[in-house]
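The lines below spell out each chain.
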Amino acid sequence: MPQTVDASSSPGNTTQLDAATPRMRLVPGGVFTMGSDNFYPEERPSRRVSVDAFLMDETPVTNAAFAAFVAATGHVTVAEKPLPLEDYPGHPSALAIAGSAVFDTEEGHGSFSQTPWWQFRAGACWRHPQGPGSDLSGLELHPVVHVAYTDAAAYAEWVGKSLPTEAEWEFAARSGLVGSDYAWGDELAPGGAMLANYWQGEFPHHNSCVDGWFRTSPVGSFPANAYGLVDLIGNVWEWTEDWWSMPVVAQTGSPHCCSKHNPRGGREFESLDPMHASRVPRKVIKGGSYLCAENHCRRYRPAARHAQAIDSPTGHLGFRCVVRL
């Protein structure tokens, strides 16, 4: 049986912990095969690594939990602040406004009024996930979105926790399964069962919403894994602590020669996107989101990974925390 740990038992300033803080589950640690040779180049090569035991939030951090943090600390998220032009030379001053990236659709139809489907929307933030005029009514138990890396790290520090490493996150998502592409086995939808919130249909033209959700879903809407963790796959991408880098094969030429203990990502300067003028460092995000589809971004898998600039919140990116034992 998965072991539940009350959040108030975690280190840190426990007087600040709120009832909205996610419960934690014990992840026992061990050796596993990280990565995959079956999908995208950035997941290769698969390699044997190990992680120590840790506690992980049962769910992504919800709007209710993040609201408690903001109420206690007065934290202002990156999306709520105008772009600091001194850090972005050459950026048009007229575009230095507060906002975030929103998935732009004809609501309720699953079809698109314009491309690209992502749009920077002034005023979009965690409080207003679709921009001005939207709010969190009915979304209290949905994952918080429009949080940049620094916002997630600030929350983690407040509750006396950390963001997971990529290896910790992937180990938790696999929950003991060996050799499976998906977090629950070898099929995406075994017997037609919807086991995570992702896109059903041809992206971006139509979402049949067989899973019941067009955007985010309340945490815990889909089955927990063997460690008692929910929503590690789909719903929202999740920040990790690790700087982005491509996996490296061992000097012997074989990625399977030995286990690497508690592996970490690359170095900050190595995470920079050489094709991007702003040269903003990037972190690894994991798990895919409600926008992953069979014909687009098949990253609803434990091995899947993506690079995200630390200053770039979006409407499909959240986080959860860990406590290392």
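In case you missed it, the structure is sitting above this.
Described in the following lines is the structure provided in the data block. (Residues numbered from 1 in each chain as written. Predicted model: local features only at pLDDT ≥ 70, side-chain atom pairs only at ≥ 80, totals over all residues. Heavy atoms only, no water.)

1. Overview of the nonpolar core
Among the nonpolar cores identified, the biggest contains 54 residues, and Val27, Met56, Phe66, Tyr155, Trp239 and Phe319 are the most heavily contacted of them. Setting aside residues no more than four positions away along its own chain, Phe66 makes contact with Val61, His75, Thr77, Trp126, Val144, Val147, Asp151, Tyr155 and Phe319. Counting residues in hydrophobic clusters, the runner-up holds seven residues, among them Phe203, Phe214, Tyr290 and Leu291. (Core = buried A, V, L, I, M, F, W, Y, C linked by side-chain atoms within 4.5 Å. Buried < 20%, exposed > 50% of the residue type's maximum accessible area, 1.4 Å probe, protein only. Contact = heavy atoms within 4.5 Å.)

2. Things to note about the sheet that holds strand β4 (residues 47-51)
One open sheet accounts for three strands, arranged β3-β4-β9; its pairing is mixed. For this open sheet the edge positions go to β3 (30-34) and β9 (260-261), each flanked by a neighbour on one side alone. Alignment of β4 against β9, held across two bridges, turns out to be parallel. Each bridged residue has a counterpart across the sheet, and for Ser50 the counterpart in β9 is His261. (Pairing = 2+ DSSP bridges. Helix = DSSP H or I, 4+ residues; strand = E, 2+ residues; numbered from the N terminus.)

3. As for the side chain of Gln200
For Gln200, the position within the fold is in the loop between α3 (166-174) and β8 (237-243). When neighbours within four sequence positions are excluded, Gln200 is seen to be in contact with Met194, His206, Asn207, Ser208, Cys209, Val210 and Asp211.

4. Re the environment of Lys161
Along the chain, Lys161 turns up in the loop between α2 (149-158) and α3. Separated by 106 residues in the primary sequence, Lys161 and Leu55 place their C-alpha atoms 9.5 Å from one another. At 2.8 Å, the side chain of Lys161 and the side chain of Asp57 are in polar contact. (Polar contact = N/O pair within 3.5 Å; in protein donor to acceptor, adjacent residues only side chain to side chain.)

5. Thoughts on the pattern of salt bridges
Enumeration according to the criterion identifies 17 salt bridges in this entry. We note a salt bridge from Lys286 to Glu170, for which the minimum N-O separation is 2.9 Å. Of this pair, Lys286 sits in strand β10 (residues 282-286) while Glu170 is found in helix α3, placing the two residues 116 residues apart along the sequence. Summarising the burial analysis for this pair, Lys286 and Glu170 share the class buried. For Arg264, the salt bridge identified is with Glu241, shortest N-O distance 3.5 Å. Of the two residues, Arg264 is situated in the loop between β9 and β10 and Glu241 in strand β8; the sequence distance between them amounts to 23 residues. Taken together, the salt bridges that share partners define one network made up of Glu166, Glu170, Arg174, Lys286 and Arg305. (Salt bridge = Lys/Arg side-chain N within 4 Å of Asp/Glu carboxyl O.)

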